[in-house]
Amino acid sequence: MNAEGRAVLVTGGSRGIGAAIARAFAEGGDRVAVHYGANAALAEEVVASLPGAGHVVVGADLRDADAVRAMVDAAAAGLGALDVLVNNAGIFEPHPIAETTYEEWQAGWRDTLGVNLVGAANVTWCAVQHMLRGGRGGRIVNVSSRGAFRGEPGQPAYGASKAGMIAFGQSLARDLGPRGITVTAVAPGFTETDMAAEELTGARGEARRAESPLGRVATPEEVAAAVVFLASPAAAMASGAVLDVNGASYLRM
């Protein structure tokens, strides 16, 4: 979008899928703002490892609307613009309905939706203001989950937040298209990250890998490649679409 590459904000960019996404954009010549929620040191390590120059670290608890606004403004100031937003940050907190107190149940919903859905919505509002002022359009890619479609029995707020993210994104794809901003989503299944490490260990891990006819789960780099494609000019007509990255472990109509 300009000779110096695009300005990209990746939430939850300090580890796992987010770090791989940040790396993939940087390898393509873009400038990246790596957001963290709690661990600044990890985000600094990611930025230090990125090729190219002009990358920045920004932090905010996405449950805090004022902190979100300050974080997005800092990203835009540090990068000089904001062309691409990747809403990747998310939390996964078990709260099985038959095994939690009412207070634990409420906390699970409040915290999960606060980060995964309402937080993402607030980041998006703030980012869109910069995209509109920049006058170059923009790209928004939301990292959802196959759990949005197949359900999450032990953590229903997670499934609801990821389904809500898709509906939210498709609504904005209709709204922002005339302004040159596209909105898409990826829906990964299990991915080889530290967040999923426990689930992918031992017999449970073997079972998870067997869910796919490929006999494995995705790598963070594979999810990142899908995100980079959806953020590219070549994918403009995919606006509103959801790209599954789950190795056919879950198929939907």
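See above for the structure.
Residues numbered from 1 in each chain as written. Predicted model: local features only at pLDDT ≥ 70, side-chain atom pairs only at ≥ 80, totals over all residues. Heavy atoms only, no water.

Student: Explain the overall build of the protein to me, please; I cannot follow it from the model alone.
Tutor: Looking only at helices and strands, the protein features 8 helices and 7 strands. Taken over the C-alpha atoms alone, the protein extends approximately 50 × 40 × 40 Å along its principal axes. Scored against the burial criterion, the 253 residues of the protein give a buried share of 49%. Sequence separation of at least 24 residues holds for 72% of the intrachain contacts in the protein that already meet a minimum separation of 6. Split by element, the accessible area of the protein, about 11,400 Å² in all, is 56% carbon and sulfur. Put simply, the protein has 20 plus and 26 minus side-chain charges, and the middle of one group is 7 Å from the middle of the other. (Helix = DSSP H or I, 4+ residues; strand = E, 2+ residues; numbered from the N terminus. Buried < 20%, exposed > 50% of the residue type's maximum accessible area, 1.4 Å probe, protein only. Contact = heavy atoms within 4.5 Å. Areas by Shrake-Rupley, 256 points an atom, 1.4 Å probe, with all protein chains shown as cover. Lys, Arg positive; Asp, Glu negative; His and termini not counted. Charge placed at Lys NZ, Arg CZ, Asp CG, Glu CD.)

Student: Even after reading the chapter, I still don't get the packing of helix H1 (residues 16-27) against helix H8 (residues 220-230), so can you show me in this structure?
Tutor: Each pair of packed helices can be summarised by the angle the axes make with each other and by the distance between the axes. Where H1 meets H8, the axes come as close as 8 Å, and the angle between the chain directions of the two elements is 55 degrees. As far as their axial angle goes, H8 and H1 are oblique. The way H1 lies across H8 gives a crossing that is right-handed. For the pair formed by H1 and H8, the contact residues are Gly16, Ile17, Ala20, Ile21, Ala24 and Phe25 on the first element and Pro220, Glu221, Val223, Ala224, Val227 and Val228 on the second. Residues that form the contact of H1 with H8 fall into these classes: 10 nonpolar, 1 polar and 1 charged. (Axes fitted to C-alpha atoms, helices over the stretch in contact; angles between N-to-C directions. Parallel < 35°, antiparallel > 145°, perpendicular 65-115°, else oblique. Left-handed = near helix turned anticlockwise from the far one by under 90°. Nonpolar A, V, L, I, M, F, W, Y, C, P; charged D, E, K, R; others polar.)

Student: Would you take a moment to explain the nonpolar core for this structure?
Tutor: Within soluble globular proteins, side chains that are nonpolar tend to cluster in buried spots. Counting residues in hydrophobic clusters, the biggest one holds 30 residues, and the most contacted among them are Leu9, Met71, Val72, Val123 and Ile140. The set of elements that each furnish at least two residues to this core consists of strand S1 (7-10), strand S3 (56-59), helix H3 (65-79), helix H4 (102-134), helix H6 (156-176) and strand S6 (181-188). If sequence neighbours within four positions are ignored, leucine 9 has contacts with Ala33, His35, Val58, Met71, Val72, Ala75, Leu82, Val84, Leu85, Val86 and Val123. Formed by 29 residues, the second largest nonpolar core is a distinct cluster that contains Ala26, Val34, Val223 and Val227. (Core = buried A, V, L, I, M, F, W, Y, C linked by side-chain atoms within 4.5 Å.)

Student: Just checking my understanding: could you explain the layout of surface pockets for this structure?
Tutor: Space left empty within the atom packing is revealed by a probe, the size of a water molecule, rolled over the atoms. Taken as a whole, the largest pocket holds about 1,200 Å³ of empty space. Around the largest pocket, the lining comprises 48 residues; the ones closest to its centre are Gly90, Ile91, Phe92, Tyr158 and Met195. Secondary-structure elements contributing two or more residues to the lining of the largest pocket are H1, strand S2 (31-36), H4, H6 and helix H7 (202-210). For the lining of the largest pocket, the leading source of residues is H1, giving 3 residues. Its residues placed into classes, the lining of the largest pocket shows 18 nonpolar, 16 polar and 14 charged. (1 Å grid on protein atoms, 1.4 Å probe; cavity = no way out; pocket = protein on both sides within 12 Å on 5 of 7 lines; lining within 4 Å. Points joined across faces, edges and corners; volume = space filled by probe spheres on them.)

Student: Help me understand the pairing of S6, please; the structure alone is not making it clear to me.
Tutor: The buried fraction of S6 is high, at 8 of 8 residues. Residues Ile181, Val183, Ala185 and Ala187 point to one face of S6 and Thr182, Thr184, Val186 and Pro188 to the other, with burial holding for every one of them. Relative to S6, strand S5 (residues 138-143) runs parallel, the two sharing 6 bridges. Bridge pairing in S6 places valine 143 opposite valine 186. The pairing of S6 with strand S7 (residues 242-245) spans 4 bridges and is parallel. Within the sheet, the bridge partner assigned to alanine 187 lies in S7 and is aspartate 244. (Pairing = 2+ DSSP bridges.)

Student: Honestly, unusual backbone geometry in this entry has me stumped. Any pointers?
Tutor: Excluding glycine, residues mostly have negative phi values, and the peptide bonds linking residues are mostly trans. One non-glycine residue, alanine 248, lies in positive phi territory at about 60 degrees. For alanine 248, a relative accessible area of 39% gives the class partly exposed.

Read these as spatial facts, not as claims about activity.
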